[in-house]
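Results of the structural survey
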Amino acid sequence: MQNSESTTINVAETKKETKGKAPLLAAPMATSSAVVETKGGYKKGIAIFDFILRLCAIAATLAATVAMGTTEQTLPFFTQFFQFQASYDDFLTFQFFVIANAIVTGYLVLSIPFSIVCIVRPHATGPRLLLIIFDIVMVALATAAASSAAAIVYLAHNGNSSANWNAICQQFTDFCQSVSGAVVGSFVAVVIFVFLVVLSAFALRKN
Amino acid sequence: MKASGALELGEAPKGSTPKSVANRGISILDFILRLIAIIGTLGSAIAMGTTDETLPFVTQFNRFRAKYDDLPMFTFFVVANSIVSAYLVLSLALSIFHILRSGAKGSRIILIFFDTAMLVLLTAGASAAAAIVYLAHKGNAKANWFAICQQFNSFCERISGALIGSFGGILVFVLLILLSAVALSRR
């Protein structure tokens, strides 16, 4: 009896299955496409925000590069120093700062098309993964340049009595100001990069 | 019947697809890299923090003793490396959780956020110390900054060596964030 019941149930099931296969298959597809459309919305928003952040980061790093690269101050009077001219290429660290920020600016400009591709196609993981890989490397490069320049700027402002290093900012005030401003701009770009990495990671999730 | 029905609908049994095996491999590699980074950053913090050299003779300097906290950048270096080591030890727990459960997405994003923040901190400490180490080796004639390495040899060697572990830690962190991003996108 149970067998016959089960067979009838089987037959009924297969009939229902053949009848219901199309709705069964269509139902998950309908929900998944609906899910895809609503979730595509947030990915597109993230991609647009990513694009805007990239533009801000370009502005910040370009400003930092230009500010550091065009600093030069010649003192009009004779001081206790042998040199009374200060330029960014007197310090190797500042040269590294200018070069690194130039590289970062160039990379950001080149990554704008990929960012646009991510806006147009929110579900493509290829360009997003490429962007996050290079963003991580650029975070490290930008932070290295910004913090090594910050170390030299700190020394220039405060000097160090233990190592007998004088605070040159007391003589070269304009040089110090523009160099400090460049370092600040570079740190702003670093913060933006951290946001870019986290946003890309958030948008990479496969749902 | 239910099982065959489930198979008809195309559900695969969990834990045996090549994708999940690859995700588990990524999580294990993540754990191993974290261990390497702990060794690197902890070694750097200790190497820099235990520097102390006293010269036996009087020189043109007022001071003939060099310690890491004579320079605030080195103090920042030690502090940053210590914070990063502590964070890595704490994040080992989350890494083990990812090995056991490869499908967790929210925790991976939190891990990526904190890994990026720690990468920035570590790079800042390492490159500030590297700038000062370069100055200590070469000096700067234009700013009249003397190269202190010419007097303090073992201090100089110690601070230069401490940088290596830290920069290795930076490389490992870049790989860690990359691995987490790849694991996120492969689900």
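Since this is a predicted model, take the numbers as computed values, not measurements.

**Regarding the overall build of chain A**
Secondary structure assignment for chain A yields four helices and two strands. Of all 207 residues assigned to chain A, the portion counted as buried reaches 45%. Put simply, of all contacts in chain A between residues at least 6 apart along the chain, 79% involve residues at least 24 apart. Looking at chain A as shown, the accessible area adds up to about 10,400 Å², and 70% of this sits on carbon and sulfur atoms.

**Regarding the overall build of chain B**
The secondary structure content of chain B amounts to five helices and two strands. Helices and strands in chain B line up, N terminus first, as α-α-β-β-α-α-α. Residues counted as buried form 50% of the 187 residues belonging to chain B. Within chain B, counting contacts between residues at least 6 apart in sequence, those at least 24 apart form 78% of the total. Of the accessible surface of chain B, which amounts to about 8,900 Å², a share of 68% is contributed by carbon and sulfur atoms.

**Observations regarding the environment of Ala183(B)**
All names here are of chain B. Relative to the helices and strands, Ala183 resides in helix H5 (residues 153–185). By relative accessible area, which is 1% here, Ala183 ends up buried. Residues Ala183 and Phe76, spaced 107 residues apart in sequence, show a C-alpha to C-alpha distance of 33 Å. Residue contacts for Ala183: discarding those within four places in its chain leaves Asn23, Ile26 and Arg108.

**Some remarks on the interface of chain A and chain B**
Taken together, the contact between chain A and chain B spans 43 residues of the former and 41 residues of the latter. A buried area of about 4,000 Å², summed over both sides, lies between chain A and chain B, and 73% of it is on carbon and sulfur atoms. Among the residues chain A hides against chain B, the three largest losses belong to Ile136(A), Trp165(A) and Lys206(A). Together they make up 16% of the total. There are zero salt bridges connecting chain A and chain B.

**A word on the UniProt feature "transmembrane region" (unreviewed entry) in chain B**
All names here are of chain B. In this structure's numbering, the residues bearing the UniProt feature "transmembrane region" (unreviewed entry) are residues 31–51, 71–97, 109–136 and 162–184. As annotated, residues 71–97 comprises 96% helix and 0% strand, and the C-alpha atoms at either end are separated by 40 Å. A helix fraction of 100% and a strand fraction of 0% characterise residues 109–136, whose end C-alpha atoms lie 40 Å from each other.

**Thoughts on the environment of Gly49(B)**
Residue and element names in this part refer to chain B. Here Gly49 is to be found in helix H2 (residues 18–49). Among the residues examined, Gly49 registers a relative accessible area of 28% and is labelled partly exposed. Once residues within four sequence positions are removed from consideration, Gly49 is found in contact with Tyr68 and Val78.

Parameters at a glance
- Residues numbered from 1 in each chain as written.
- Chains lettered and ligands numbered in written order.
- Predicted model: local features only at pLDDT ≥ 70, side-chain atom pairs only at ≥ 80, totals over all residues.
- Heavy atoms only, no water.
- Helix = DSSP H or I, 4+ residues; strand = E, 2+ residues; numbered from the N terminus.
- Buried < 20%, exposed > 50% of the residue type's maximum accessible area, 1.4 Å probe, protein only.
- Contact = heavy atoms within 4.5 Å.
- Areas by Shrake-Rupley, 256 points an atom, 1.4 Å probe, with all protein chains shown as cover.
- Buried area = accessible area lost by both parts, 1.4 Å probe.
- Salt bridge = Lys/Arg side-chain N within 4 Å of Asp/Glu carboxyl O.
- UniProt positions renumbered as here; feature names shortened; annotations may be inferred.

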